[in-house]
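Examining the three-dimensional arrangement
The chain contents come next:
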Amino acid sequence: MPRTPLWTPTPDRVATTGMDTFRRRVAATRPELVDTVALHRWSIEHQGEFHEALWDFAGVIGEPGSVAFDAGDGSVRGGRFFPQSHVSMAENLLAHREGANDDAIVAITELGDRRVYSWTQLRAEVAALAAALAADGVQPGDRVACYMPHVAETVITFLAANAIGATFTSTSSDFGTAGVVDRFGQTTPTVLVAADGYRYGGKEFNNIDRIAEIGAQLPSVQRIVVVGVLSGNPRVTGIERAVTWNDYLEPNRGVALEFVRMPGDHPAYILYSSGTTGKPKCITHRSLGVLLMHLKEHQLQSDVRAGDRALYFTTCGWMMWNWLVSMLASGTTIVLFDGNPAYPGQIGRAH
C-alpha cells in the first residue's frame, strides 16, 4: 500500500526555506535543478561548483583562491577543497550579520541564573583574551585547551584561540584527572583554561585540586587560567603558573579585535573519541572544512538564519558543542544551558 506522508509543507513554506532559496539561486544558471533531489545529485557530481555556490550563499569571509576542489588521486584522502584558501573561523563567527539580534550568547544555569552577551560584548571579550594569549607567547598552531562547563567563557576561549591561529581543544568539567590527561597529554596545550568547578543537580563540585593535579601532569602547559564558576574570585594559590580569568584579561581590555587568516586546512580544533577502546583518539577538524560543513547543515538543512535562537543540550566534551557554537556564523543567538535540565525535578521554567 502507498504510504501517506504525515505532513507536507505548502509551496509557500518550501519557498521560504534556506534550502529552496539556495536551489533557486543556483538554478539561475543551472535550470535543470528543479527540486532538491536534483540539487542533491548535482552537489555530489559537481562538488567544486556546489561548494563555490555555498561559499557565496553563506557569505564566507576570506580568500577562496582560484580552485574550489582538487580531486588529487581520486581517493577520499587525496581530495582537497579550496586548497589555496585563507580563512579565520573566528572572523566568520564574529562577523556583523544583517538581521542578527543584539544578543550573541544567552547563558543559563540550572539555578535560573542568566547572563547575556551582546555581539559587541562578545567581540570585546574575545579581543581581550586573544591579546592576552598572544602576549603570553601563544603562536599559530599552538594548542589552547579548555577544562570547562558549558558556559560563555568556553566559547570566548575558542574564538580567541582561533583568532590568533591557535588550535582549540576541550573536555567537560565532570571529567576526572586521568580522562583529561589522556586527552590533553596527546595534544600538548600551551595554555589551559579551567573552571574552579561546576554545578549539577543542585550540587557543587570543586575542581581546584583537580586542576593542580592536571597541570602537574601536563608539562607543555605554560599558563593556567582559572574561571570562577563557583566563586567570583577563585583561589589559584597552589596551582603553578595560574592566574584568574579576570586578572588575565584586564590588561588587554579595550584592544582592537584582529584575526589571523590561516590556510583553509589549518586545524581549528581537536576533538576526541570516547575512549571506550583504549585511550581517546584525536580527531582534527580543519578550519574551512568544518566551517563549510556547519554552514551547510545550519543554513540549508536546519533552516537557521540571522536573528534565530538555537539551543542544543550538550557539554564541552561532545562534538555538538562545536556544532552549536558555529551557529554564530549565521548570525544566530546561541543559548547555553549548563547543569541538569530537569532540576529541581521538573523540566524547568521559561527564561
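Keep in mind the model is a prediction, meaning the values are calculated, not measured. (Residues numbered from 1 in each chain as written. Predicted model: local features only at pLDDT ≥ 70, side-chain atom pairs only at ≥ 80, totals over all residues. Heavy atoms only, no water.)

Packing of helix α3 (residues 36-45) against helix α4 (residues 47-58) leaves a shortest axis separation of 5 Å and a crossing angle of 110°. In terms of orientation, α3 lies roughly perpendicular with respect to α4. Across the interface between the two elements, Trp42, Ser43, Ile44 and Glu45 from α3 touch Gln47, Glu49, Phe50 and Ala53 from α4. Tallied by class, the residues present in the contact of α3 with α4 amount to four nonpolar, two polar and two charged. (Axes fitted to C-alpha atoms, helices over the stretch in contact; angles between N-to-C directions. Helix = DSSP H or I, 4+ residues; strand = E, 2+ residues; numbered from the N terminus. Parallel < 35°, antiparallel > 145°, perpendicular 65-115°, else oblique. Contact = heavy atoms within 4.5 Å. Nonpolar A, V, L, I, M, F, W, Y, C, P; charged D, E, K, R; others polar.)

This part covers the sheet that holds strand β6 (residues 143-148). In space, the seven strands of this open sheet follow the order β12-β11-β8-β6-β7-β14-β15, with mixed pairing throughout. In the strand order of this sheet, the two ends are held by β12 (242-244) and β15 (282-286), each with one partner. Each strand axis lies, on average, 20° off the axis of its neighbour in the sheet, ignoring direction. In the packing of helix α7 (residues 152-163) onto the sheet, the strands contacted are β6, β7 (167-172), β8 (191-195), β11 (223-227) and β14 (267-272), and the crossing angle to β6 comes to about 180°. (Pairing = 2+ DSSP bridges.)

A few words now on the sheet that holds strand β5 (residues 114-118). Taken together, four strands build an open sheet; the order of strands is β5-β4-β17-β16 and the sheet is mixed. The outermost strands of the open sheet, each flanked by one partner alone, are β5 and β16 (309-311). Mean inter-strand twist for the sheet, computed between neighbouring axes without regard to direction, equals 20°. Where strand β4 (residues 103-109) meets β5, five bridges bridge the pair, whose relative direction is antiparallel. Looking at the pairing, Ile108 lines up with Arg114 of β5.

It is worth spelling out the pairing of β4 at this point. Where burial is concerned, most of β4 is hidden: six out of the seven residues are buried. Between the antiparallel neighbours β4 and β5 lie four residues, among them Gly112 with a positive phi of about 95°. (Buried < 20%, exposed > 50% of the residue type's maximum accessible area, 1.4 Å probe, protein only.)

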